[in-house]
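# Reading the structure
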Amino acid sequence: MKNLPTLILASQSPRRAELLKRLALPFEARPADIDEEALRHLEPAQMAQELAAQKARVIWQPGLWVLAADTVVALEGETLGKPKDLEENKAFLRRLSGRTHTVYTGFAILKPDGFLHREVALAQVTFRPLRSWELEWYAKSGEGLDKAGGYGAQGLGMVLLERIEGDFYTVMGLPVSRVWQHLYELGYFGLEPDEKR
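What comes next is a walk through the structure. Here the residue index of a chain counts from 1 through its sequence in written order. Two thresholds apply to this predicted model, a pLDDT of at least 70 for residue-level local features and 80 or more for giving and counting side-chain atom pairs, whereas whole-chain, interface and lining totals are computed over all residues. Excluding hydrogens and water, the side-chain values take into account all heavy atoms of the structure.

## Digging into the packing of aromatic side chains
Note the following rule: Between 30 and 60 degrees the pair is tilted, below 30 it is stacked and above 60 it is edge-to-face, where a pair is any two Phe, Tyr or Trp rings, Trp via its six-membered ring, whose centres lie within 6.5 Å. Each residue is placed in one exposure class: buried if its accessible area under a 1.4 Å probe, protein chains only, is under 20% of its type's maximum, exposed if it is over 50%, and partly exposed if it falls in between.
Within this structure, the stated rule accounts for six aromatic pairs. Aromatic side chains Trp-180 and Phe-189 sit 4.7 Å apart centroid to centroid with 45° between the ring planes, which places their arrangement in the tilted category. Taking relative accessible area as the criterion, Trp-180 reaches 31% and is therefore assigned partly exposed. The buried category is assigned to Phe-189, whose relative accessible area is 6%.

## As for unusual backbone geometry
What counts is decided by this rule: In DSSP terms, a helix is any run of H or I states spanning at least four residues, a strand is any run of E spanning at least two, and both are numbered starting from the N terminus.
Residues other than glycine seldom take positive phi values, yet Ala-24 does so here, at roughly 60°. Within the element layout of this structure, Ala-24 appears in the loop between α1 (14-22) and β2 (27-29). Overall, Ala-24 belongs to the exposed group, its relative accessible area being 64%. Phi is positive for Glu-76, which is not a glycine, with a value near 50°. Within the element layout of this structure, Glu-76 appears in the loop between β3 (65-75) and β4 (78-80).

## Details of the nonpolar core
For soluble globular proteins, the rule of thumb is that nonpolar side chains tend to be buried together. As a reminder, the rule being used: In these notes, a set of buried Ala, Val, Leu, Ile, Met, Phe, Trp, Tyr and Cys residues joined through side-chain atoms within 4.5 Å is what counts as a nonpolar core. Two residues form a contact once any of their heavy atoms are found within 4.5 Å.
One finds Leu-7, Leu-25, Leu-67, Leu-183 and Tyr-188 to be the most contacted residues of the largest nonpolar core, which totals 20 residues. For this core, the secondary structure elements donating two or more residues are β1 (7-9), α1, β3, β5 (100-110) and α6 (176-185). Ignoring anything within four residues of it in the chain, the contact list for Leu-67 reads Leu-7, Ile-8, Leu-9, Ala-10, Leu-20, Ala-108, Ile-109, Leu-174 and Val-179. Membership of the second largest hydrophobic core comes to 19 residues, among which are Leu-93, Val-103, Ala-123 and Tyr-151.

## Quick notes on the environment of Ala-91
Along the chain, Ala-91 falls in helix α3 (residues 86-96). With relative accessibility at 29%, the residue Ala-91 sits in the partly exposed group. Considering only alpha carbons, one finds Ala-91 and Arg-57, 34 residues apart in sequence, at a separation of 34 Å.

## Considering a nonpolar patch on the surface
Threshold: Think of a patch as exposed residues, more than 30% relative accessible area, with no salt bridge, where like charges cluster within 9 Å and nonpolar side chains (Val, Leu, Ile, Met, Phe, Trp, Tyr) cluster within 5 Å. For the accessible areas, the method is Shrake-Rupley and the probe is 1.4 Å, while residue cover comes only from the protein chains on display. Note on definitions: salt bridges are taken to be side-chain nitrogens of Lys or Arg within 4 Å of carboxyl oxygens of Asp or Glu.
A cluster of nonpolar residues, Trp-133, Trp-137, Leu-156, Met-158 and Val-159, forms a patch on the protein surface that exposes about 520 Å² of accessible area. Within the element layout of this structure, Trp-133 appears in helix α4 (residues 132-141). Judged by relative accessible area, which is 55%, Trp-133 ranks as exposed.

## What to know about the pattern of salt bridges
Per the stated rule, a full pass over the model turns up 20 salt bridges. Between Glu-134 and Arg-128 there is a salt bridge, and its shortest N-O distance comes to 2.6 Å. Given the relative accessible area of 7%, Glu-134 is considered buried. As a salt-bridge pair, Arg-163 and Glu-162 come within 3.1 Å of each other at their nearest N and O atoms. Accessibility expressed as a relative area gives 40% for Arg-163, which makes it partly exposed. Through salt bridges with shared partners, a single network forms among Glu-87, Lys-90, Glu-136 and Lys-140.

## With respect to the pairing of β3
Rules: At least two DSSP bridges between two strands are needed for those strands to be called paired.
Counting buried positions along β3 yields 11 of 11 residues, so the element is predominantly enclosed. Of the two faces of β3, the one carrying Trp-65, Leu-67, Ala-69, Thr-71, Val-73 and Leu-75 and the one carrying Val-66, Ala-68, Asp-70, Val-72 and Ala-74 are both buried. The pairing of β1 with β3 spans three bridges and is parallel. For Leu-7, the partnering residue across the bridge sits in β3 and is Trp-65. When β3 meets β5, the two strands line up antiparallel, connected through nine bridges. Considered in β5, the bridge of Val-66 is made with Leu-110.

Take a look at the structure:
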């Protein structure tokens, strides 16, 4: 797998960039500017997938490999976006406390020829019951302000979680195993047929 093409990551998420670095894939982050509010009427799974596809399309140019992703957190079908301030962050955590919610991460891969693959992965996340001081402590950390649902499972937010059913990296913002598999299937690694076995 020598001289892999540079993968354009259509995201400003440091967490997604960190995961690509761990895979040692050559990439360049180019945040995509789209109107996310225009898709708030969609069901959570559809919204995550469509947001990823739109981000990829905004960045793509002929000849580029583009990867985009978007994460949506939903509690009983209602989407919880990024909290606008500490008070809303606390309100989100209060609602999630002691309950199970669903995290959807949609991802899209746009090939150099313009072919688009997109799909969505999901995981079920259960919070343990949280004490009021914990809500205050976590909100004041500021960690949750730039994250869907108002928490980060890979950071301080790990103490809030009771269990995760599904892929942890889906919750972190990029279902790495599925992305890797589809990059392979779409020809990113440039393997010949006899090398695929």
